[in-house]
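# Results of the structural survey
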Amino acid sequence: MELGRDSDTGGQVKYVVELARALGAMPGVYRVDLLTRQVSAPDVDWSYGEPSEMLNLRNSEDGSHELGESSGAYIIRIPFGPKKYIAKELLWPYIPEFVDGALSHILQMSKVLGEQIGGGQPIWPVAIHGHYADAGDSAALLSGALNVPMVFTGHSLGRDKLAQLLKQGRSSIEEINTMYKILRRIEAEELCLDASEIVITSTKQEIEEQWRLYDGFDPVIERKLRARMKRGVSCLGRFMPRMSVIPPGMEFNHIVPHDADMDGDAEAHDENTSSDPPIWSEIMRFFTNRRKPMILALARPDPKKNLTTLVKAFGECRPLRELANLTLIMGNRDDIDEMSGTSASVLVIPPGMEFNHIVPHDADMDGDAEAHDENTSSDPPIWSEIMRFFTNRRKPMILALARPDPKKNLTTLVKAFGECRPLRELANLTLIMGNRDDIDAMSGTSASVLVSILKLIDKYDLYGQVAYPKHHKQVEVPEIYRLAAKTKGVFINPAFIEPFGLTLIEAAAYGLPIVATKNGGPVDIIKVSIS
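I will try to describe carefully the structure that is included in this document. For every chain, the first residue of its written sequence is number 1, and the numbers climb from 1 along that sequence. This being a predicted model, a pLDDT of at least 70 is required before a residue's local features are given, and a value of 80 or more before pairs of side-chain atoms are given or counted; all residues contribute to the totals for chains, interfaces and linings. The side-chain values count all of the structure's non-hydrogen atoms but skip hydrogen atoms and water molecules.

Turning next to the environment of Ala447. Locating Ala447 in the fold gives a position in helix α17 (residues 444–459). Relative accessible area serves as the criterion here: at 14%, Ala447 is assigned to the buried category. Measuring from C-alpha to C-alpha, the distance between Ala447 and Pro404 comes to 7.8 Å, with 43 residues separating the pair along the chain. A run of DSSP states H or I qualifies as a helix once it reaches four residues; a run of E qualifies as a strand once it reaches two. Both are numbered from the N-terminal end. Classification of residues uses two cut-offs on accessible area relative to the type maximum, computed with a 1.4 Å probe and protein chains only: under 20% is buried, over 50% is exposed, and between them is partly exposed.

The following block contains the structure:
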């Protein structure tokens, strides 16, 4: 299972799979089929295209009876709709196709089971359990077609989600419905209430505060109907499903606290050792101070998980930031965009430049270029502001200094850096892209470039290898050049076309090798420097 891959692979998936596995192991249960959608596409795990997958065989400890070859718990994948993965909100038009495929499977399996354990008579399902609204819609149709009792678990409910989204005030009901198909979902949940014998909830709050929003359920009336049924009094044709609170279970036998936790030796993890799990170093490489306590959140990146509020609260509380680090485990991703934009010179007059303020760093002139690992009190503040981004501070620096404008071509630089493993192993990348407080408050083009760069950093997992400080002063630009020179780095101007390119001259004056595209001013600048 690719938990956290997208909004459709959250904890509910693990819950349903573990439920099927547990039911399949219960005495008196011969077979459990977990019906889902078959997906065949290169961007998902190959196993999603397999028609069936065994979850576990039923055990017969006493050996008092033989088990047929079809016993146990299985995932059965029904092909319907497009072969590729599509979000659950887009599956509604294909529900009838799924029901047809599921019905065909049930009919075929009933005959097989009848031959194995039914004396030749078809064996029908004891119950059909729908999970979430779309599966509940399907289960209601199957339940009616087969005359088999239905059980439903909503997991999350459309009316409650709609109320929460409207409360935020960011979208109208029309916009919400366009994005989430929320009204179709609510319609399916109302159908589930009419068709189910039992509705399973995780908490009483789900009954009292969420299900009561639906036309098909009222907790007060439901209790009265239940009392009348127990006394044998007619309910006058009124029916409501029985609500049953069954909190999700959890196995604790695999949980072993770390030795340091048990012994009280809680000194924060500063340097990873060979015995540490690999995920520790994967997380710790993000932090400048690894000795701080960790605030941990584990959830898929879904609006209702409210992770943005957590990050905002952390960012706005300086005492908390000084005290702790924040770790967000938000599933798995490869590319954010795949989860759920001639000069004719008549007279050449190059801009002038003053060199009297350029003083190369002593280490640069003397050849003592060991990379800057720990900042000292005499170092310029901008050095530590840049170096805090890097996991390995001893690498040479590739420096680019330009505003976040599409024609400056910074996204291509980041992409090239991300796709070249030898380069990433050899050097760090520093992007000085002006000053910003909030990306959302920037102009459209600048914000778009910055967001694209952040997405590329995430796509190629360049954390700890790329610096992109938010602020720098103009007087600190010389110190930035000096830092790059101190690391024996290189300066690059990747602009599509640069009318002149003063930054190339400035960088060269500080002893930095320079790289530029073969367009505009850099052609003359580099030619002059070579000659």
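Following the structure, the description resumes.
This part covers the pattern of salt bridges. We count a salt bridge whenever a side-chain nitrogen from Lys or Arg sits within 4 Å of a carboxyl oxygen from Asp or Glu. Under the defined criterion, the tally for this structure stands at 15 salt bridges. Residue Arg185 pairs with Glu189 through a salt bridge whose shortest N-O separation is 3.3 Å. One end of the pair, Arg185, and the other, Glu189, are both in helix α6 (residues 182–195), four residues apart, so they sit about a helical turn from each other. Judged by relative accessible area, which is 3%, Arg185 ranks as buried. Among the residues examined, Glu189 registers a relative accessible area of 0% and is labelled buried. Ionic contacts of the salt-bridge type, sharing partners, join the residues Arg159, Glu190 and Asp215 into one network.

As a further point, take the packing of aromatic side chains. For this analysis, a ring pair means two rings from Phe, Tyr or Trp (six-membered ring only for Trp) whose centres lie within 6.5 Å, classed as stacked if their planes differ by under 30 degrees, edge-to-face if by over 60, and tilted for the remaining angles. Following the criterion strictly, the structure yields seven aromatic pairs and no others. Residues Phe152 and Trp211 carry aromatic rings whose centres are separated by 6.2 Å and whose planes lie at 75° to one another, so their mutual orientation is edge-to-face. A residue pair is termed long-range when its members are at least 10 positions apart, and Phe152 in strand β5 (residues 150–153) and Trp211 in the loop between α7 (204–210) and α8 (219–231) qualify at 59 residues. Taken as a pair, Phe152 and Trp211 share a single burial class, namely buried. For the ring pair Tyr481 and Tyr510, a centre distance of 5.4 Å and an interplane angle of 20° mean the geometry is stacked. Here Tyr510 lies in the loop between α19 (502–509) and β14 (514–516) and Tyr481 lies in helix α18 (residues 477–486), a separation of 29 residues in the sequence. One aromatic cluster is present, formed by Phe152, Trp211 and Tyr214 through successive ring pairs.

The next thing to look at is the side chain of Asn325. Looking at the element boundaries, Asn325 is found in strand β9 (residues 325–329). Polar contacts involving the side chain of Asn325 include one to the main-chain carbonyl oxygen of Asn289, which spans 2.9 Å. The contact criterion used is simple: two residues touch if any of their non-hydrogen atoms lie within 4.5 Å. Leaving out residues up to four positions away in the same chain, Asn325 has contacts with Phe287, Asn289, Arg290, Lys292, Pro293, Met294, Ile295 and Phe314. Distance and chemistry together define a polar contact, namely a pair of N or O atoms within 3.5 Å, with one atom able to donate a hydrogen and the other to accept it when in protein, and with adjacent residues in sequence counting only for side-chain atoms on both sides.

Moving on, we come to the sheet that holds strand β3 (residues 72–78). Backbone-to-backbone hydrogen bonds pair the strands of a sheet. The strands run either parallel or antiparallel. The criterion for strand pairing is that DSSP finds at least two bridges linking the strands in question. In space, the three strands of this open sheet follow the order β1-β3-β2, with mixed pairing throughout. Each edge of the sheet is formed by a strand with only one pairing partner; in this case those strands are β1 (31–37) and β2 (52–56). The mean angle between the axes of side-by-side strands here comes to 25°, regardless of whether they run parallel or antiparallel. In the sheet, β1 pairs with β3 via seven bridges, with the strands oriented parallel. Looking across to β3, one finds that Arg37 is bridged to Ile78. The angle between two axes is taken between their N-to-C directions and runs from 0 to 180 degrees, where each axis is a line fitted to C-alpha atoms and a helix contributes only its stretch in contact. The sheet contacts of helix α1 (residues 11–24) involve β1, β2 and β3, and relative to β1 the element is tilted by about 160°. Strands in contact with helix α2 (residues 95–117) are β1 and β3; relative to β1, the strand with the most contacts, it is inclined by about 160°.

In terms of nonpolar packing, the biggest core is built from 45 residues, with Ile386, Leu431 and Tyr481 touching the most fellow members. Contact partners of Leu431, with chain neighbours within four places excluded, come to Ala400, Leu413, Val414, Ile453, Val466, Ala467, Tyr468 and Pro469. We call a set of buried Ala, Val, Leu, Ile, Met, Phe, Trp, Tyr and Cys residues a nonpolar core when their side-chain atoms join them within 4.5 Å. In terms of nonpolar packing, the next biggest core, distinct from the first, is built from 41 residues, Phe80, Ile95, Leu157 and Val199 among them.

Here we come to the environment of Leu193. You can see Leu193 is positioned in helix α6. Residue Leu193 is classed as buried on the basis of its relative accessible area, which comes to 1%. Along the sequence, Leu193 and Arg242 sit 49 residues apart, while their C-alpha atoms lie 9.6 Å from each other. Apart from the residues within four sequence positions on either side, Leu193 is in contact with Val199, Trp211, Tyr214, Gly216, Phe217, Phe239, Pro241 and Met243.

Where burial is concerned, most of strand β11 (residues 428–432) is hidden: five out of the five residues are buried. Side chains Asn428, Thr430 and Ile432 of β11 all project onto a buried face; the interleaved residues Leu429 and Leu431 project onto the opposite face, where all are buried too. One ladder, built from five bridges, connects strand β10 (residues 397–401) with β11; its direction is parallel. Note that in β11 the partner of Leu399 across the bridge is Thr430.

Next up on the list: the packing of helix α4 (residues 158–168) against helix α5 (residues 173–180). α5 packs onto α4 with a crossing angle of 130° between their chain directions and a minimal axis gap of 10 Å. When the axis of α4 is compared with that of α5, the two are oblique. Considering the relative orientation of α4 and α5, their crossing is right-handed. Note on element contacts: α5 touches α4 through Ile173, Ile176 and Tyr180, opposite Lys161, Leu162, Leu165 and Leu166. For this classification, Asp, Glu, Lys and Arg are treated as charged, while Ala, Val, Leu, Ile, Met, Phe, Trp, Tyr, Cys and Pro are nonpolar and the rest, including Gly, are polar. Its residues assigned to classes, the contact of α4 with α5 shows six nonpolar, no polar and one charged. With respect to orientation, any angle under 35 degrees is reported as roughly parallel, any angle over 145 as roughly antiparallel, any angle of 65 to 115 as roughly perpendicular, and every other angle as oblique. Note: crossing handedness is left-handed where the near helix turns anticlockwise from the far helix by less than a right angle, and right-handed where it turns clockwise.

With that out of the way, let us pick up α17. With 16 residues, α17 extends 22 Å between its outermost C-alpha atoms, agreeing within 8% with the 22 Å of an ideal straight helix rising 1.5 Å per residue. Buried residues of α17: Ser446, Ala447, Val449, Leu450, Ile453, Leu456, Ile457 and Asp458, and no others. Looking at the packing, one finds that the buried side of α17 touches α15 (410–419), β11 and β12 (466–467). Count one or two residues on from α17 and you reach Asp461, which has phi positive near 55°. The length a helix should cover is 1.5 Å for every residue beyond the first.

The residue Leu55 is located in strand β2 in this model. Residues Leu55 and Ala73 lie 18 residues apart in sequence; the distance between their C-alpha atoms is 5.2 Å. If sequence neighbours within four positions are ignored, Leu55 has contacts with Val17, Ala20, Arg21, Ala73, Tyr74 and Ile75.

Take the packing of helix α3 (residues 132–146) against α6 next. Across the interface, α3 lies against α6 with an axial gap of 8 Å and an inter-helix angle of 45°. On the basis of the axis angle, α3 is oblique to α6. Crossing angle aside, the handedness with which α3 passes α6 is left-handed. Facing Tyr132, Ala133, Gly136, Asp137 and Ala140 of α3, the residues of α6 in contact are Arg184, Arg185, Ala188, Glu189, Leu191, Cys192 and Ala195. Of the residues belonging to the contact of α3 with α6, the class tally is seven nonpolar, one polar and four charged.

Note that all results are geometric; they support no functional claim without further evidence.
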